Amino acid sequence: MKTIDCRNMACPMPVVMVKRALEESPGEELKVLLDDGPPRENVTRFAVNRGFTIEETPLDSGYAILISGSAGETLAIKKVKSGDSVMLIASDRLGDGPDELGRLLMKNFINTLTEVSETPDLMLFVNTGVFLTTEGSDVLEALEKLGNKGVEIASCGVCLDFFHRREKLKAGSITNMFIIAESLLKAGSAIRL
Amino acid sequence: MVKDGDLVAIFNNIHRVMKAEKLLKEKRLNMLLIPAPRALKSDCGLAIRYEEADRTLIEETLRDAGLAAEEIYRKKGEEFIRIDNPGG
């Protein structure tokens, strides 16, 4: 079992380190030492959202979190609660009109989300929306920032397959239509872009 | 979006900022089109962010293409300090 010490690290470094460690040794248990507060909360949320099992033990300084299991193919998305806001991003363009303008507006919209105080609880990317969560997207930095703020990001698996981009997913997890449908129906507000 | 020390170029015209982004991307220069920070006035609400290390190349490329930014700022703490030479 690998142990990584992420104490005295500022966010988002602990999440980045954990993500890297899990990717390097899939299936292996990972022990992470973390400071209490945002590092512990963010790493826990990150692992749970990806379907891992966690076990927390308080230490003299911080917490030890044992991460086990493996990320499923269709990843467990946190249960949407009534009152949550869910955003369905069904295109890589915002609005009807020239593609170039639409792409720019969508990019600007997602980048702007990182600068405003209100954020959605869940962002679902479908159809050409998955171009935003995969390699070559200009909003990966913004999505990572949103992820670190607790926004869950998920892309439609069928859409990733259609565009041959499953292996190129760079932000968030993969989801299916059950989760998309349930999340939209349960959400307090569902915003379709 | 903007870290301490980063540079932010404001264009005030959507067509110019789109052309600038396209050109810099073609040249594979490291930059990002971002919403103009609220503290800065920009008619089109868009700006290009880059790092000091890429500054010379980016600004020269834009100038050579007739796409020089209207205003350039450097983020310092919570403030944006104008660093281009207005009218000069």
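Residues numbered from 1 in each chain as written. Chains lettered and ligands numbered in written order. Predicted model: local features only at pLDDT ≥ 70, side-chain atom pairs only at ≥ 80, totals over all residues.

A. Representation of the overall build of chain A. Within chain A, the regular secondary structure consists of 6 helices and 9 strands. Taken over 193 residues, chain A has a buried fraction of 35%. Within chain A, counting contacts between residues at least 6 apart in sequence, those at least 24 apart form 69% of the total. (Helix = DSSP H or I, 4+ residues; strand = E, 2+ residues; numbered from the N terminus. Buried ≥ 20, exposed ≤ 12 C-beta atoms within 10 Å, placed from the backbone. Contact = placed C-beta atoms within 7 Å.)

B. How the structure looks around the overall build of chain B. Along chain B, the regular secondary structure elements total 2 helices and 5 strands. Its helices and strands in sequence order give chain B the pattern β-α-β-β-α-β-β, from N to C terminus. Within chain B, residue pairs in contact and separated by at least 24 positions form 68% of the contacts whose partners lie at least 6 positions apart.

C. Just the interface of chain B and chain A, in detail. Contacts between the two partners involve 7 residues from chain B and, on the opposite side, 10 residues from chain A. With 4 residues, strand S2 (residues 31-35) of chain B is the largest single contributor of residues to the side of chain B that touches chain A. In terms of residue class, the side of chain B that touches chain A is built from 7 nonpolar, no polar and no charged. (Nonpolar A, V, L, I, M, F, W, Y, C, P; charged D, E, K, R; others polar.)

D. Local environment of helix H1 (residues 13-24) of chain A. Residues and elements named next belong to chain A. Across its 12 residues, H1 extends 16 Å between first and last C-alpha, which sits within 8% of the 16 Å expected from 1.5 Å per residue. Of the residues making up H1, those classed as buried are Pro14, Val15, Val18 and Leu22. Buried residues in H1, looked at end-on, bunch into an arc of 95 degrees, giving them a common side. Across from the buried face of H1, at angles greater than 90 degrees, the exposed residues are Met13, Arg20, Glu23 and Glu24. (Expected span 1.5 Å × (residues − 1). Arc of directions from axis to C-beta.)

E. Spatial organisation of the sheet that holds strand S2 (residues 30-34) of chain A. Residue and element names in this part refer to chain A. Pairing in this open sheet of 4 strands is mixed, and the strands run S1-S2-S4-S3 from one edge to the other. Because the sheet does not close on itself, it has two edges, and the strands there are strand S1 (2-5) and strand S3 (53-58). Averaged over all neighbouring strand pairs, the angle between strand axes comes to 20 degrees, with direction disregarded. H1 rests against S1 and S2 of the sheet, and its axis sits at about 170 degrees to S2. (Pairing = 2+ DSSP bridges. Axes fitted to C-alpha atoms, helices over the stretch in contact; angles between N-to-C directions.)

F. Representation of the environment of Tyr73 of chain B in the model. All names here are of chain B. Counting through the fold element by element, Tyr73 comes out in strand S4 (residues 71-76). In this structure Tyr73 comes out as buried when scored by C-beta crowding, with 23 C-beta atoms within 10 Å. Along the sequence, Tyr73 and Leu7 sit 66 residues apart, while their C-alpha atoms lie 5.6 Å from each other. When near neighbours in sequence (up to four residues on either side) are disregarded, Tyr73 contacts Val8, Leu40, Phe80, Ile81, Arg82 and Ile83.

G. Spotlight on unusual backbone geometry. Of note, the phi angle at Asn8 of chain A is positive, near 60 degrees, even though the residue is not glycine. Along the polypeptide, Asn8 of chain A turns up in the loop between S1 and H1. We note that Arg28 of chain B has phi near 55 degrees; this positive angle belongs to a residue other than glycine. Turning to its location among the elements, Arg28 of chain B is positioned in the loop between helix H1 (14-26) and S2.

H. Looking closely at the environment of Ser173 of chain A. Looking at the element boundaries, Ser173 of chain A is found in strand S8 (residues 173-175). Between the alpha carbons of Ser173 of chain A and Gly157 of chain A there is a distance of 9.2 Å; along the sequence they are 16 residues apart.

I. Looking closely at the sheet that holds strand S1 (residues 7-10) of chain B. All names here are of chain B. Spatially, the 5 strands line up as an open sheet ordered S2-S3-S1-S4-S5, and their pairing is antiparallel. Looking at strand neighbours, the two that pair on one side only are S2 and strand S5 (79-82), the edges of this open sheet. Sheet twist, expressed as the average angle between the axes of neighbouring strands with direction ignored, equals 35 degrees. Against the sheet, H1 engages S2 and strand S3 (46-50), with an angle of about 25 degrees to S3.

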